[in-house]
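# Descriptive structure summary
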Amino acid sequence: MTSKTGSKKSESKKTGAERKFRVVGTRPIRHDGWDKVLGRAVFGADIKLPGLVHGAVLRSPYAHARIVKIDLSKAEAAPGVLAVMTGADMPIAASKVLDLGEEVTNAVFASDRVMARTKAVYKGHPVAAVAAVDHNVALEALRLIEVSYEVLPHVVTIEQAMAPGAPLVHDDLVGSDIGERVEHTNVADHIRYEVGDPEAAFAEAATIVELECRVSRAHQGYIEPQNATALWHQDGKLTVWTSTQGSFSQRNSLSSVLMMPASSIKVVPMEIGGGFGGKIGIYLEPLAAILSRKCGHPVKLVMERRDVFDATGPGPGGIIRVKMGVDAHGVITAATADIRYGAGAYPGASINPAAVCVFACYRVPNARIDAYDVVINLSKTAAYRAPGSPQASFATETVVDEICRRIGMDPAEFRLLNATRGGDRRTDGPTFPRIGNVETVEAIRGSAHYRAKLGRASSPTKKRGRGMASGYWQGIGNKSTVTINVNNDGVVSLIEGSADIGGTRTSIAMQAAEILGIAAEDVHPAVVDTDSIGYTDLTAGSRTTYATGAAAIQAAEQVVEEMKKRAALVWETDEANVRFADGVFTNGAAKNQHLTFKELCGKLDTTGGHVSTTGVVNIRGSGGGSFATHLVDVEVDTDTGKVEILRYTAAQDAGKAVHPAYVEGQMEGGAVQGIGWALNEEYVVGDDGVMQNATFLDYRMPTSLDVPMIDTIIVEVPNERHPFGVRGIGETCIVPPMPAISNALRDALGVRLTELPMKPGRIMAALQAQAGP
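Let me sum up the structure you'll find in this document.

Rules of the game
- Counting starts from 1 at the beginning of each chain's written sequence and moves along it residue by residue.
- With the structure being a predicted model, the display of local features is reserved for residues of pLDDT at least 70 and the display and counting of side-chain atom pairs for 80 or more, all residues being used for whole-chain, interface and lining totals.
- Remark: hydrogens and water are excluded; side-chain values derive from all non-hydrogen atoms of the structure.
- Think of a 1 Å grid over the protein atoms and nothing else: a 1.4 Å probe that fits but is trapped marks a cavity, an open set flanked by protein within 12 Å on at least five of seven lines marks a pocket, and residues with an atom within 4 Å of a point count as lining.
- Grid points are joined across faces, edges and corners, and a volume is the space filled by probe spheres set on the points.
- Think of a salt bridge as a Lys or Arg side-chain nitrogen and an Asp or Glu carboxyl oxygen that are within 4 Å of each other.
- Comment: elements are numbered from the N terminus, with helices defined as DSSP H or I runs of at least four residues and strands as E runs of at least two.
- In this analysis, a patch consists of residues with relative accessible area above 30% that form no salt bridge, clustered at 9 Å for like charges and at 5 Å for the nonpolar side chains Val, Leu, Ile, Met, Phe, Trp and Tyr.
- Accessible surface is estimated by sampling points in the Shrake-Rupley manner with a 1.4 Å probe; for residues, cover comes only from the protein chains shown.
- For each residue, the accessible area found with a 1.4 Å probe, counting protein chains only, is set against the maximum for its type, and the residue is called buried under 20%, exposed over 50%, and partly exposed in between.
- In this scheme, strands are said to pair when DSSP sees at least two bridges between them.
- In protein, a polar contact means a hydrogen-donor-capable atom and an acceptor-capable atom, both N or O and within 3.5 Å, with residues adjacent in sequence counting only if both atoms are side-chain atoms; elsewhere, any N or O pair within 3.5 Å suffices.

### What about empty space enclosed by the protein?
- Within the structure shown, the criterion is met by four cavities of 30 Å³ or more.
- Residue lining of the largest cavity: Tyr 122, Lys 123, Arg 217, Phe 309, Asp 310, Asn 377, Leu 378, Ser 379, Tyr 683, Gly 689 and Met 691, and that is the complete set.

### Considerations on the pattern of salt bridges
- One pass over the structure, following the stated rule, counts 48 salt bridges.
- The shortest N-O distance in the salt bridge between Glu 140 and Arg 143 comes to 3.8 Å. Linking Glu 140 with Arg 143, this pair stays in helix H4 (residues 135–144), spanning three residues, or about one helical turn.
- In this structure, Arg 752 engages Glu 402 in a salt bridge whose closest nitrogen and oxygen atoms are separated by 2.8 Å. Pair noted here: Arg 752 is in the loop between helix H19 (737–749) and strand E32 (755–756) and Glu 402 is in helix H11 (residues 389–407), with a separation of 350 residues, a long-range link.

### Notes on a nonpolar patch on the surface
- Together, Ile 29, Trp 34, Val 37 and Leu 38 make up a nonpolar patch on the protein surface, roughly 510 Å² of accessible area in all.
- Relative to the helices and strands, Trp 34 is located in helix H1 (residues 33–37).
- The exposed category is assigned to Trp 34, whose relative accessible area is 57%.

### Digging into the pairing of strand E17 (residues 299–302)
- Here strand E2 (residues 53–59) pairs with E17 via two bridges, running parallel. Residue Val 53 lies in a different strand from E17, and its bridge partner there is Val 299.
- Pairing analysis gives four bridges linking strand E14 (residues 227–232) to E17, with the strands arranged antiparallel. Bridge pairing in E17 links Asn 227 to Val 302.

### Quick look at the side chain of Lys 279
- In this fold, Lys 279 is placed in the loop between strand E16 (265–269) and helix H8 (285–295).
- With relative accessibility at 3%, the residue Lys 279 sits in the buried group.
- Here Gly 274 takes part through its backbone oxygen, which lies 3.0 Å from a polar atom of the side chain of Lys 279.

### What about the pairing of strand E26 (residues 584–587)?
- Along E26, the buried face is formed by Phe 585 and Asn 587; none of Val 584 and Thr 586, which line the opposite face, is buried.
- Pairing between strand E25 (residues 578–581) and E26: four bridges, direction antiparallel. The partner of Ala 581 across the bridge, within E26, is Val 584.
- Hairpin connection from E25 to E26: two residues lie between these consecutive antiparallel strands, with Asp 582 at a positive phi of about 55°.
- Looking at chain direction, E26 and strand E27 (residues 594–596) are connected through three bridges and run antiparallel. Among the inter-strand pairings, Phe 585 is bridged to a residue of E27, identified as Leu 595.
- From the end of E26 to the start of E27, which pair antiparallel, there are six residues, and Asn 592 there has a positive phi angle of about 60°.

Dropping the structure here:
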């Protein structure tokens, strides 16, 4: 790993780029490391409670079918069965928008998704659920439930759904066409952003390239399946234990779906075995709750892997058409994008983030972006790491590469010529503050990888190529709360509500430790339930280290101010005389009076007692988001279509890397996921609307044998909105890999592949088309 720091000083009034950090920027062992390595960490499926019983869910075998009748009598009479439920047991949710951060839906759709009432709209749609004394009894009871279906015509592609006279996924869906109400449609939403006059600019452009790209829906690939355990208490309150990226967003969703006050619901976040955006919405939690209410026991539900693929949300697939024009000097003059994403059975396919990100890396004075949210008879999609951006950027970056080839310009030089900088306007309206877009391109251009020759292929039937691509994710800020309790021995406990799915316990603790002047190991972080901490938004949107870290800094600063008062009491001086720096309090009015943070903590009992503070933030925006540029070398076997990734380098602006190893890990992980989406991963759906590769054996994710070591370059252009300059970095890293690999294949083969995944069959077909009949 190498590091590159932005040339300008940060304008942060609290820190500045010249601040010397003692804790931030180091690599301590993660606080939860031992528990996870030794198997002591408690995940959702590990929960054990007195009287715990087990549940199972019956799911529709059809992509679209009316539920004519459900006969529960045999299941209800079976030995060991304690409760059975259907959609008739679900409260009728009121129409209400649920903004969960990276997932926006309506409570009516959220309710219908977890349990069908009159119609199943995707294969795997729950139609009934059972609670029994053990899991096997519950599974046997499902076999006793008799369901009569009327199979209906289905639509599983965007073209099918948008065709005139197409079967409707929802008879009562009301869509919006740029604000105009549309009934009897599968297009839930059509939005547009426009600036300047693209048609006039195209008319004067020297070079124009237009490509249509297609992207398959792709699963996040988390190992731990969805799970939920619920106990409906006799007093009407509800406790839910679940692996979730947002315990408060879960509480709000449950409140709307179960029609009960949020204050009556406690969500206990368990350790989470991966999420990447896929564990934001609710799936099993309402079912476990209702079964618990019916049987009086805590009920546990855990999905089978097949159910995870059939019934939870992957990232959306789509059709993206991008047109871009440049003048004789290679300056972009115009661009348009038509983005169509398949949302699954309910609206919400991240089309707005796609529109925000599609041209964000480039200055485009004349642009128009149209984006369509299309419902189809597959499970509703969910966030997947920079939701919406990888698919749209795949199209943009392949067009950019094609332009570079046509005008004979180096791809790095083209990007530097056209890159957005601080002060530039995004097509959707906002103006960028200070950002690190240019710096990531410069980092790649200055890398050893860029300067190295590609080398000869390993055999005559193989060809090598190199590709570059850039990407952007805007990130979010939102609400976070952190409480710090100071102990007499100088160790502090840090209480937070952000689920830890990437080492954020440590990255947040490090920011508090930096303010307090103590070691990261002397901050003990804990992620607690919704009754034990103030409101905190989800762990997603690249917000946690950024926003919850800011709350931790605020709480730590309050600790320092309170400790100054205690030091003033010890020295019998005015509080204004007390100074604090590098973990040491000094008396500015007297010589040789100083106390370390730990020493002063030992005097808390005699100066007023326990110190506890709470930091609360509600941050608007992310401070410009994060940019990345990737470079990849590939070798392609022209006899088989097999692609080998030879070398991969990722550069990304982290603002300030709190824990560099975690930053590197995010960059590496995002690159690997992008490689999988580029070359292998897809939902293979048959004509019957059923996924045909719903196992990890058949759904081909990369392994360590499929990828090289990922070289990372951390670029640090401080974020002006964070005291330490931190930017969220967990998502941008998945945006450039797909187009970078496409561009490398174009370089190697001389043909452009525009459909993902670029699997061997598609490569061979492209080569055969190139060769002609």
